[in-house]
Amino acid sequence: FFLPLSGRREKGVYFCRIAGYSPEIEAFIKQYYEAARRNGVIIDGRIPNPDTNQLAYFSEMMGAQFQMDPAFLDQRLGKWLPRMSQGQRETVVSAIYSTLQDMQRSGKNENMLRNAYIKYMCWLYYKFERIVNQLGSETLPKILYDGSVSHYELQLLLVLSRAGADIVLLERAGDGPYLQLDSQSAWTTLWQTPDMTPFPEQFNLKWLQQELMKQANRQRLYGTPPAVTNCTNAWMKKPELGEVRTLFRDRGTDS
């Protein structure tokens, strides 16, 4: 997760969900939270639906037109999010179009597709604008979602994943709600290890933030913990003072 794009074996993004706890997972989530805080988006609960003012601004700027067409989406997105490069915009357009096609194949009518398009455009602008110009870059942006993801939210996260963002879904209530949306786990990977247990009751993003703050305060007081542990006299065959007579050249070469 923390390797640059060029350093990954798969040369792609990761979209996983975590429905159980272990000390390893706690350490990973702390590190991932910090990465998302620096270069990404943290979602605690649901992404709010666009409010009246946001919808009015979108309508004023973009109009009410909608076409199920990549060229239309490219033109609209270029006007709505001008900071994106052409390559990033093409990637996001392809991802949105692919997601709308998935919805169309599942029986959604044109009005539903239009509503999804407006919701996605508003969410991209109001919630994810800070990362849209970094999608697919060498240092991939990170998204951390804590909660039971909704259908529309999952579709938008799928757009961002396809466009080039790492995503972790933190499922403290278990994997059941997610499987109702993606019963075959076709879109994400479930992180599973033998030692996983249910999440502790106090484990949430606010608790995590407090723990990271305590850790930062400890480092300010005592410095960064050493990266290596001292190991002395590993060459000795037995823990006796007589070993001091061993010649230097016979004491091994391990630094």
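No experiment lies behind these values; they were computed from the predicted model shown. (Residues numbered from 1 in each chain as written. Predicted model: local features only at pLDDT ≥ 70, side-chain atom pairs only at ≥ 80, totals over all residues. Heavy atoms only, no water.)

1. A short note on helix α8 (residues 205-222)
Taking 1.5 Å of rise per residue, 18 residues should cover 26 Å, and α8 covers 25 Å from first to last C-alpha, within 8% of that figure. Residues of α8 that are buried include every one of L205, W207, L208, E211 and L212, and no others. For α8, the arc enclosing every buried residue in end-on projection is 155 degrees, short of the 170-degree limit, so these residues lie on one face. Residues of α8 that are exposed and point over 90 degrees away from its buried face: K206, Q210, M213, R220 and L221. Those residues of α8 that are buried are in contact with α1 (23-38), β2 (40-44), β3 (142-146) and β4 (166-170). The opening residue of α8 is N204, an N-cap whose side-chain oxygen sits 3.1 Å from the backbone nitrogen of K206. Following α8 by one or two positions, G223 adopts a phi angle in the positive range, close to 85 degrees. (Helix = DSSP H or I, 4+ residues; strand = E, 2+ residues; numbered from the N terminus. Expected span 1.5 Å × (residues − 1). Buried < 20%, exposed > 50% of the residue type's maximum accessible area, 1.4 Å probe, protein only. Arc of directions from axis to C-beta. Contact = heavy atoms within 4.5 Å. Polar contact = N/O pair within 3.5 Å; in protein donor to acceptor, adjacent residues only side chain to side chain.)

2. Side note on empty space enclosed by the protein
One pass over the structure, following the stated rule, counts 1 cavity of 30 Å³ or more. Computed from the structure, the largest cavity encloses a volume of approximately 30 Å³. Along the walls of the largest cavity sit G147, S148, V149, E171, G174, P177 and Y178, which together make up its complete lining. Looking at the lining of the largest cavity residue by residue, the classes come out as 3 nonpolar, 3 polar and 1 charged. (1 Å grid on protein atoms, 1.4 Å probe; cavity = no way out; pocket = protein on both sides within 12 Å on 5 of 7 lines; lining within 4 Å. Points joined across faces, edges and corners; volume = space filled by probe spheres on them. Nonpolar A, V, L, I, M, F, W, Y, C, P; charged D, E, K, R; others polar.)

3. Thoughts on the side chain of R89
If you trace the backbone, R89 turns up in helix α4 (residues 86-105). If near-sequence neighbours (up to four positions away) are discounted, R89 is found in contact with D74, L77, G78 and M84.

4. Things to note about the sheet that holds strand β5 (residues 189-190)
Overall, parallel pairing links the 5 strands, which are arranged β2-β3-β4-β1-β5 in an open sheet. Both outer strands of the open sheet, β2 and β5, are each paired with one neighbouring strand and no more. Alignment of strand β1 (residues 15-18) against β5, held across 2 bridges, turns out to be parallel. Residue pairing for β5: R17 is matched across the bridge by L190. (Pairing = 2+ DSSP bridges.)

5. Thoughts on the environment of G147
Along the chain, the position of G147 falls in the loop between β3 and α6 (151-163). Classification of G147 as partly exposed rests on a relative accessible area of 24%.

6. As for the packing of aromatic side chains
What the rule picks out here adds up to 21 aromatic pairs. A ring pair is formed by F2 and F28, whose centres lie 5.7 Å apart and whose planes are at 55 degrees; its orientation type is tilted. Of this pair, F2 sits in the segment before β1 while F28 sits in helix α1, and the two are 26 residues apart along the sequence. Relative to Y117, the ring of F66 has its centre 5.1 Å away and its plane inclined at 35 degrees; by these criteria the two rings are tilted. Placement of F66 in the loop between α2 (52-62) and α3 (70-80) and of Y117 in helix α5 (residues 110-126) is noted, with a sequence separation of 51 residues between them. By the burial criterion, F66 is buried, and Y117 matches it. An aromatic cluster of at least three residues, connected via ring pairs, comprises Y57, F58, F66, F72, W80, Y117, Y125 and Y126. (Phe/Tyr/Trp six-rings, centres within 6.5 Å; stacked < 30°, edge-to-face > 60°.)

7. Re the layout of surface pockets
Space inside the second largest pocket adds up to approximately 210 Å³. Along the walls of the second largest pocket sit K30, Y33, E34, R37, Q209, L212, M213, Q215, A216 and Q219, which together make up its complete lining. It is α8 that contributes the most residues to the lining of the second largest pocket, 6 residues altogether. When the residues that make up the lining of the second largest pocket are grouped by side-chain class, the tally is 4 nonpolar, 3 polar and 3 charged.

8. Side note on the pattern of salt bridges
Going through the model one piece at a time under the given rule, you end up with 16 salt bridges. Across the salt bridge formed by R17 and D175, the nearest N and O atoms sit 2.7 Å from each other. Within this pair, whereas R17 is found in strand β1, its partner D175 is found in the loop between β4 and α7 (176-179), the two being separated by 158 residues in sequence. Residue R17 is classed as buried on the basis of its relative accessible area, which comes to 1%. Here D175 falls in the buried class, since its relative accessible area comes to 13%. Residue R37 is joined to E34 by a salt bridge in which the shortest nitrogen-to-oxygen separation is 3.1 Å. Placement of both R37 and E34 in helix α1 is noted, with a separation of 3 residues, approximately one turn of the helix. Looking at R37, the relative accessible area reads 46%, which means it is partly exposed. By relative accessible area, E34 is classed as partly exposed at 23%. One continuous salt-bridge network, built from bridges that share partners, spans R8, K142 and D166. (Salt bridge = Lys/Arg side-chain N within 4 Å of Asp/Glu carboxyl O.)

Any link to function would need more than the numbers given here.
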